[in-house]
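# Breakdown of the fold
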Amino acid sequence: MTSSNLLSVQVTAMRLEAKGIVSIELGKPDQDNLPSFEAGSHIDLHLANGLVRSYSLLSSPQNQTHYIVAVLNDRDSSGGSRFIHEKLRVGDLIAISAPRNNFSVDFSAEHSVLIAGGIGVTPIMCMLNDLRAKKKQVEVLYCARSRSEAAFVDMLSQYPEVQFHFDDEQSAPPDLKSYLDKRPKDSHVYCCGPTKMLDAFENLCEALHMPNVHVEHFAAAEDMQSVQNDEYVVTLSQSNKTISVPAGKSLLDAILDAGVNIDHSCREGICGACETKVLEGIPDHRDNVLTKSERAANKTIMVCVSGCICKKLILDV
């Protein structure tokens, strides 16, 4: 895996925030400032076991002395979160990417609604604090299975804008339809959480005619396929190369095998590192980064998971 502009940082603090959730504070060893970022951004952690994982920043964009992320020890972990919980310790050096933002806040909105599911609260916290600092109207619904599994509850309880829903206390999952239906239709609504929650959220917003919808995935869809059955041809305009992508091979691997370096990280279509400009052709979008309107425009493609529904693509690589 490759990524440009990797930074070397040190783990300066780790805190248990809830059952199975630890926060990690990262700072530069020379105590210099880190690159600036916007609310909703995430970074890639390049772990010592060779894995690369993306995590949202929950710290304030106004504070560049450190970054803070929070990591759930996922029971279905493929090695990333488990390594962080079991092996990463204060004082360790780690490489990270510069911040990227696929979940930016529209500060021109009259009203914003932020919905978090479980560990999806991390970008929501950062967005809430930024909206409050700019004196914007904002509401938050924080959902989790139980209070013990919800991070930062004590901190967020201090904000009148935040409403909580814990499944075990309510004996039911949150009624997102009722909640959204009571909000202004022109609100900008944001959601970060499990895939099933995000799918329900997007469907409800469409049914309720709420056009300003923003989502952030922290896991790839279970049925996502990164390869396709038909061969196609890709021209890389900057590299002056034309390559065939055979059936069963990902576009990213075909580009790398052709000797062309291209930024990539998660290989799951969720981090946005490999976003590439499309000059010609119709992509088969399979990512969890682009919105429906961005997919329809066909101006960019996530080459790690997406393919082509025509015979030829021309990319700005």
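Below or above, wherever it landed, is the structure these notes cover. Here the structure is a predicted model, which is why all the values come from computation and not from measurement.

## A closer look at the side chain of Ser 23
By the element assignment, Ser 23 lies in strand S2 (residues 21-27). Among the polar contacts made by the side chain of Ser 23, one reaches the side chain of Glu 17 at a distance of 2.7 Å. Other than its neighbours up to four places away in sequence, Ser 23 contacts Ala 13, Met 14, Arg 15, Glu 17, Ile 68, Val 69, Ala 70 and Phe 152.

## A few points about the side chain of Ser 112
As for its position among the elements, Ser 112 is in strand S7 (residues 111-117). Residue class for Ser 112 comes out buried when judged on its relative accessible area of 1%. Excluding residues that lie within four positions of it along the chain, Ser 112 makes contacts with Leu 131, Gln 137, Val 138, Glu 139, His 188 and Tyr 190.

## Details of the packing of aromatic side chains
One pass over the structure, following the stated rule, counts four aromatic pairs. Taken together, a centroid distance of 5.6 Å and an interplanar angle of 85° make the contact between Phe 37 and Tyr 67 edge-to-face. Here Phe 37 is found in the loop between S2 and strand S3 (42-46), whereas its partner Tyr 67 is found in strand S5 (residues 67-72), with 30 residues between them in sequence. Considered together, Phe 37 and Tyr 67 belong to a single accessibility category, that of buried residues. With a centroid separation of 5.9 Å and 45° between ring planes, the pair formed by Tyr 142 and Phe 164 is classed as tilted. Of the two residues, Tyr 142 is situated in strand S8 (residues 137-144) and Phe 164 in strand S9 (residues 162-166); the sequence distance between them amounts to 22 residues. Residue Tyr 142 is classed as buried on the basis of its relative accessible area, which comes to 1%. Residue classification places Phe 164 among the partly exposed residues on the basis of a relative accessible area of 23%. Connected via pairs of aromatic rings, a cluster forms that spans Tyr 142, Phe 164 and Phe 166. Taking the ring centre of Tyr 179 as reference, the NZ or CZ of Arg 183 above it sits at 3.8 Å.

## Things to note about unusual backbone geometry
For Lys 135, which is not a glycine, the phi torsion comes out positive at approximately 60°. Counting through the fold element by element, Lys 135 comes out in the loop between helix H2 (121-133) and S8. A residue is classified by how much of its surface remains accessible, and Lys 135, at 76% relative accessible area, is exposed. Despite not being glycine, Arg 267 shows a phi value in the positive range, around 60°. Within the secondary structure, Arg 267 sits in the loop between helix H7 (251-257) and strand S14 (275-280). For Arg 267, a relative accessible area of 33% corresponds to the partly exposed category.

## So, the sheet that holds strand S4 (residues 52-56)
Reading across the sheet, the six strands line up as S4-S3-S6-S1-S2-S5 and stay open at both edges, with antiparallel pairing between neighbours. This sheet does not close on itself; its edge strands, each paired only once, are S4 and S5. Across the sheet, the axes of successive neighbouring strands diverge by a mean angle of 40°, strand direction being ignored.

## Notes on the sheet that holds S7
If you walk across this open sheet you meet the five strands as S9-S8-S7-S10-S11, and the pairing is parallel. Looking at the sheet topology across the chains shown, the edges are occupied by S9 and strand S11 (213-217). In this sheet, neighbouring strand axes are inclined to one another by 15° on average, regardless of whether the strands run parallel or antiparallel. For strand S10 (residues 188-193) and S11, the ladder comprises five bridges, and the chain directions are parallel. Counterpart to Gly 193 in the pairing with S11 is His 217. Where H2 meets the sheet, its contacts fall on S7, S8, S9 and S10, and the angle it forms with S7 comes to roughly 155°.

## Description of the pairing of S14
Looking at chain direction, S14 and strand S16 (residues 300-302) are connected through three bridges and run antiparallel. Looking at S16, one finds that Lys 277 is bridged to Thr 300. Where S14 meets strand S18 (residues 312-315), two bridges bridge the pair, whose relative direction is antiparallel. Its bridge partner lying in S18, Glu 280 is registered against Ile 314.

## What about the layout of surface pockets?
The computed volume of the second largest pocket comes to approximately 760 Å³. For the lining of the second largest pocket, the element with the most residues is helix H6 (residues 195-207), which contributes five residues.

## Observations regarding the environment of Cys 205
Relative to the helices and strands, Cys 205 resides in helix H6. Under the relative-accessibility criterion, Cys 205 is labelled buried at 1%. A C-alpha to C-alpha distance of 24 Å links Cys 205 and Asn 129, two positions 76 residues apart in sequence. Not counting the four nearest positions on each side in its chain, Cys 205 is found in contact with Leu 180, Val 189, Met 210 and Val 213.

The rules behind each value
Residues numbered from 1 in each chain as written. Predicted model: local features only at pLDDT ≥ 70, side-chain atom pairs only at ≥ 80, totals over all residues. Heavy atoms only, no water. Helix = DSSP H or I, 4+ residues; strand = E, 2+ residues; numbered from the N terminus. Polar contact = N/O pair within 3.5 Å; in protein donor to acceptor, adjacent residues only side chain to side chain. Contact = heavy atoms within 4.5 Å. Buried < 20%, exposed > 50% of the residue type's maximum accessible area, 1.4 Å probe, protein only. Phe/Tyr/Trp six-rings, centres within 6.5 Å; stacked < 30°, edge-to-face > 60°. Lys NZ or Arg CZ within 6 Å of the ring centre and 35° of its normal. Pairing = 2+ DSSP bridges. Axes fitted to C-alpha atoms, helices over the stretch in contact; angles between N-to-C directions. 1 Å grid on protein atoms, 1.4 Å probe; cavity = no way out; pocket = protein on both sides within 12 Å on 5 of 7 lines; lining within 4 Å. Points joined across faces, edges and corners; volume = space filled by probe spheres on them.

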